[in-house]
Amino acid sequence: MNHGNGGIYMNQLISELFLHFFKNETIQEQTDSAILNVPAGHLAFTTDSFVIDPLFFPGGNIGSLSVCGTLNDLAVSGAKPVYLSAGFIIEEGFEFMKLERIVKSMALEARKAGVRIVTGDTKVVNSGKCDKLFINTSGIGMMEEKHLLIGSGCKVRPGDKIIINGPPGEHGMAVMQARKLFTFKTCLKSDCANLYPMISKMLKHSGLVHFMRDATRGGVAAVLNELARKCNIGIEIDETLIPVNEEVKVMCEILGFDPLYIANEGKLIAVVGEADAENVIGVMKQTKTGRETAIIGEITGSHSGRAVLKTKSGGKRIIDDLMGDQLPRIC
Amino acid sequence: MIPEGMRYIDEFRDSALVSNISRKIGLISEKQINLMEVCGGHTMAIHKNGLTDFLPETIHLLSGPGCPVCVSSQQCIDHAILLGRIPGVILATYGDLIRVPGSQTSLEKEKARYADIRIVYSVLDALEIARLNRNHRVVFIGIGFETTAPSSAAAILQAGKDRINNFFLLSSHKIMPPALETLAAGDTQIDGFIAPGHVSAITGYGIYNKLSEVYHRGVVISGFEPADILQSVFMLVKQIESGHFQVENEYTRIVKPEGNSRALAIMNEVFVPADAEWRGLGIVPLSGLAIKEKYAAFDASKRFTVKVPDSLPPAGCICGEILTGKSKPTDCNLFSATCNPLNPVGACMVSAEGACSVFYKFMK
């Protein structure tokens, strides 16, 4: 508890851990606010809190997730991430070694992304008042005027192509495995990754990227439904075109899950003008996070407000929102 | 003999194969017929894959009572809730059951009020909870048909062997044949049954003989992939058009004529048929599985004394008619606006394989 009371122990925690790993001039100042030099123009500003259990999972941990998640929220809005903040709520008794490992991950992801964590906060709460560790990250990114409408979807038109950068479901299934909810073993890893390098290339090479969103909780289905409802357009997805991770596919078949509803942390849905879709795909495939990019459907003028799936068998059904957690089949 | 290297997912979802079977059905189907897909898994598969698009207008599919969550009575939920309120009791349940409304509340709401209710993926997880929490009494709510009953039986046998005396089963397990015969004898026009594939994997074919021999209905045991279901429909239409009724097996890669004798032996060692209440059907004689006296030490209904009140179904809910094929979900006045997955009134809207939930999810 002493590490959260503003005294010597807290200062020790801040300097030995946070300042040590989040090395930059701004955070070293330890002022109440980070004073930032930003060029004139539009800023994107986002925040997210991370409460994942377990804290460590194949392919990442709560630290890498908290950095990549916020970077991605900026990037899919069309912004170049520049600064992050990091707030920690730590349960009394949480192991220092684990906290250090998490903070190191955050520093590494930020460094790889060329982004600085410039301010933060630490609270320690009594045992039982939080589940080990919660992290909040907020982020600021710079936006060019031509990208301001990407997050809104208002530029989306019938005929536009819908693109995903790889197979859905890897993060959610990797976390389920880490929770030991089932006994069979897989090689699955979370797809947790910074999408900005791929997105910056997309935006550089094409002026027809009309919409982007990362497919986190609620999966691909949530993004498609939000877009269809918000913009009152129809969406048709072809199940045969969706990239597949074979292990995710098999686990979903056994448990009765639909990969379209499973959380991702390194997948985005992009809507691109038909004329430039192939060009954008070619650019994405040259990046680490876009190697399995595919067109999976298109925007239509029919069934406005709805996303429809053409199944592998040829039948059609609605892709509805997720209602409650997916639960394994009983029999 | 299963061809080497055959995979069971993509091949049975192949659009050319599905279209071909659909065409074959169209060529022979002349009579207006009703086919009941008994199992909730089939209801889900049919609508998730858009298979009604492939059937001619002469064929109507009815949902049946093969969804264990959907047919769990309100009393069963109320009983579980009362057990969960006993100090020192941990309730373990399959996930879907947690949202089913009882007469006053649900397990989900009880969990929010600090009842120790844990979602498990297998009865063996519940047994493990009991093993690790010897100062608590762990009650597993056993629902499901012949597919899951053997695992509940196995858990009791294991509990006895390992002396895990704090493990109990509240059995709401049911068996299919009495319910199907009740439906066949009832007033819903059912010309044929798409029989449950995984139940049949345990029981074998014999449980359906009365449906064809006495009630003159077609029966085809079906797998769950699109090609399985459409092929089963084709086989049923052939039977009905010819008037030659029998029990056939489409799911040959999984179901054997004799079923799984080991699973049946375990089930019969622990359980004995007893009358059971089915939501929608009422009391069906000898359709439930009660724990034998020999294993009474693990029987939650005997080891805990609680008074479960009588209850009436919620006003306006027609789950019973839906489960017996008399109505479709869209016939219900509560469907969608009042009764939906966020605010379910009846059990058919709660389970992922309940007809109302499936209709809401895939067809609205």
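Just so we're clear, the structure is a prediction, and the values are computed from it rather than from any experiment. (Residues numbered from 1 in each chain as written. Chains lettered and ligands numbered in written order. Predicted model: local features only at pLDDT ≥ 70, side-chain atom pairs only at ≥ 80, totals over all residues.)

1. Observations concerning the overall build of chain B
Working step 1: For chain B, the helix and strand inventory stands at 14 helices and eleven strands.
Working step 2: Over its C-alpha atoms chain B spans a radius of gyration of 21 Å, differing by no more than 12% from the 21 Å that the globule rule assigns to 364 residues.
Working step 3: The 364 residues of chain B split such that 54% are buried.
Working step 4: Of the contacts made within chain B by residues no fewer than 6 positions apart, 76% connect residues no fewer than 24 positions apart. (Helix = DSSP H or I, 4+ residues; strand = E, 2+ residues; numbered from the N terminus. Rg over C-alpha atoms; globule rule 2.2 N^0.38 Å. Buried ≥ 20, exposed ≤ 12 C-beta atoms within 10 Å, placed from the backbone. Contact = placed C-beta atoms within 7 Å.)

2. Points about the overall build of chain A
Working step 1: Of the regular secondary structure elements, chain A holds nine helices and 13 strands.
Working step 2: Across its three principal directions, the C-alpha atoms of chain A cover 65 × 55 × 30 Å.
Working step 3: Taking all 331 residues of chain A together, the buried fraction comes to 47%.
Working step 4: Taking all contacts inside chain A whose residues are at least 6 apart in sequence as the whole, residues at least 24 apart take part in 85%.

3. Here's the deal with the sheet that holds strand β6 (residues 133–143) of chain A
Residues and elements named next belong to chain A.
Working step 1: If you trace the four strands from one edge of the open sheet to the other, you get β1-β6-β4-β5, paired in mixed fashion. Every other strand in the sheet has two partners, leaving β1 (42–50) and β5 (116–125) as the edge strands with one partner each. Taking the axes of each pair of neighbouring strands and ignoring which way they run, one obtains an average angle of 15° across the sheet.
Working step 2: In this structure, strand β4 (residues 79–91) lies alongside β6, joined through eleven bridges in antiparallel fashion. When the bridges of β6 are listed, K80 appears paired with M142.
Working step 3: Sitting on the sheet, helix α4 (residues 96–113) is in contact with β4 and β5, with an inclination near 175° to β4. (Pairing = 2+ DSSP bridges. Axes fitted to C-alpha atoms, helices over the stretch in contact; angles between N-to-C directions.)

4. Some points on unusual backbone geometry
Trans is the prevailing form of peptide bonds, just as negative phi is the prevailing case for residues other than glycine.
Working step 1: The omega angle of the peptide bond from D53 of chain A to P54 of chain A is 5°, so this bond is cis rather than trans.
Working step 2: For Q30 of chain A, which is not glycine, the phi torsion reads 50° and is therefore positive.
Working step 3: Locating Q30 of chain A in the fold gives a position in the loop between α2 (25–29) and β1.
Working step 4: According to the C-beta neighbour criterion, Q30 of chain A is partly exposed, with 14 such atoms within 10 Å.
Working step 5: Positive phi outside glycine occurs at H216 of chain B, with the angle close to 55°.
Working step 6: Tracing the backbone shows H216 of chain B in the loop between α9 (209–213) and β8 (218–221).
Working step 7: On the basis of neighbour count, H216 of chain B is assigned to the partly exposed category, with 13 C-beta atoms found within 10 Å.

5. Quick notes on the sheet that holds strand β7 (residues 161–164) of chain A
The strands that make up a sheet pair up through hydrogen bonds in the backbone, lying either parallel or antiparallel.
Residues and elements named next belong to chain A.
Working step 1: If you trace the seven strands from one edge of the open sheet to the other, you get β8-β10-β7-β11-β9-β12-β13, paired in mixed fashion. Whereas interior strands pair on both sides, the edge strands pair on one side only; in this sheet they are β8 (209–214) and β13 (316–318). Going from strand to strand, the sheet's axes swing by 25° on average, the running direction of each strand aside.
Working step 2: The pairing of strand β12 (residues 307–310) with β13 spans three bridges and is classified as antiparallel.

6. Focus: the domain arrangement of chain A
Residue and element names in this part refer to chain A.
Working step 1: Per the domain assignment, the segments making up chain A are domain 1 (2–145) and domain 2 (161–318).
Working step 2: The centre of domain 1, based on its C-alpha atoms, is set 27 Å off from the matching centre of domain 2.
Working step 3: The partner domain 2 presents 21 residues to the 21 residues of domain 1 that form the contact.
Working step 4: The set of elements that each furnish at least two residues to the side of domain 1 that touches domain 2 consists of α3 (62–75), β4 and α4.
Working step 5: Ranked by the residues each element gives to the side of domain 1 that touches domain 2, the list is headed by α3, at eight residues.
Working step 6: Residue composition of the side of domain 1 that touches domain 2, by class: eleven nonpolar, six polar and four charged. (Domains from an automatic or database assignment. Nonpolar A, V, L, I, M, F, W, Y, C, P; charged D, E, K, R; others polar.)

7. What about the domain arrangement of chain B?
Residues and elements named next belong to chain B.
Working step 1: Its domain assignment divides chain B into domain 1 (74–175 + 259–303) and domain 2 (319–363).
Working step 2: Between domain 1 and domain 2, the C-alpha centre-to-centre distance is 25 Å.
Working step 3: With seven residues of domain 1 at the contact, the number on the domain 2 side is ten residues.
Working step 4: Residues that form the side of domain 1 that touches domain 2 fall into these classes: three nonpolar, one polar and three charged.

8. Topic: the interface of chain A and chain B
Working step 1: With 19 residues of chain A at the contact, the number on the chain B side is 32 residues.
Working step 2: If you tally residues by element for the side of chain A that touches chain B, the top one is β13 of chain A, at three residues.
Working step 3: Split into classes, the residues belonging to the side of chain A that touches chain B amount to eight nonpolar, five polar and six charged.

9. Topic: helix α9 (residues 277–285) of chain A
Think of an α-helix as 3.6 residues a turn; residues three or four steps apart then line up on the same face.
All names here are of chain A.
Working step 1: If you check which residues of α9 are buried, you get A277, V280 and M284. Taken around the axis of α9, the buried residues stretch over an arc of 65°, which confines them to a single face. Exposed and oriented more than 90 degrees from the buried face of α9 are E278 and G282.
Working step 2: Where α9 is buried, its residues contact β7, α6 (196–205), β8, β10 (268–272) and β11 (294–300). (Arc of directions from axis to C-beta.)

10. Notes on helix α8 (residues 246–255) of chain A
Residues and elements named next belong to chain A.
Working step 1: Within the sequence span of α8, burial applies to V248, M251 and C252. The buried residues of α8 occupy an angular sector of 100° when projected down its axis, which confines them to one face. Those residues of α8 that are exposed and angled more than 90 degrees off the buried face are E246 and I254.
Working step 2: Each element contacted by the buried residues of α8 is listed here: α5 (170–178).
Working step 3: Downstream of α8 by one or two residues, G256 has phi in the positive range, about 85°.

11. Observations regarding the environment of I86 of chain B
Residue and element names in this part refer to chain B.
Working step 1: In this structure, I86 sits in the loop between α3 (74–84) and β3 (89–93).
Working step 2: For I86, a count of 14 C-beta atoms within 10 Å gives the class partly exposed.
Working step 3: Residues I86 and F304, 218 residues apart in the sequence, show an inter-C-alpha distance of 9.1 Å.

12. Re the nonpolar core
Buried together is how nonpolar side chains tend to be arranged in soluble globular proteins.
Working step 1: Counting residues in hydrophobic clusters, the biggest one holds 122 residues, and the most contacted among them are V139, L230 and V233 of chain B.
Working step 2: Of the domains in this structure, domain 1 (74–175 + 259–303) and domain 2 (319–363) of chain B are the two that each give at least three residues to this core.
Working step 3: What L230 of chain B contacts, discounting residues up to four positions off in sequence, is V18, I21, S22, I25, L51 and F54 of chain B.
Working step 4: Judged by nonpolar contacts, the second largest core, of 89 residues, contains A79, I90, I199 and I237 of chain A. (Core = buried A, V, L, I, M, F, W, Y, C linked by C-beta atoms within 7 Å.)

13. Side note on the packing of helix α6 (residues 149–162) of chain B against helix α11 (residues 261–270) of chain B
Residue and element names in this part refer to chain B.
Working step 1: Close contact between α6 and α11 brings their axes to 8 Å; oriented N to C, the two are set at 60°. When you trace α6 past α11, the crossing you get is left-handed. Residues A149, P150, A153, A154, I156 and L157 of α6 form the contact with α11, whose participating residues are A263, I266, M267, E269 and V270.
Working step 2: The residue makeup of the contact of α6 with α11, split by class, is ten nonpolar, no polar and one charged. (Left-handed = near helix turned anticlockwise from the far one by under 90°.)

14. Quick word on the pairing of β4 of chain A
Residue and element names in this part refer to chain A.
Working step 1: Two elements, β4 and β5, share nine bridges in a ladder whose sense is parallel. Within β5, the position partnered with A86 by the bridge is G120.
Working step 2: Since β4 and β5 lie parallel, the crossover through α4 that links them has a hand, and here it is right-handed. (Right-handed = clockwise from strand over helix to strand, strands pointing away.)

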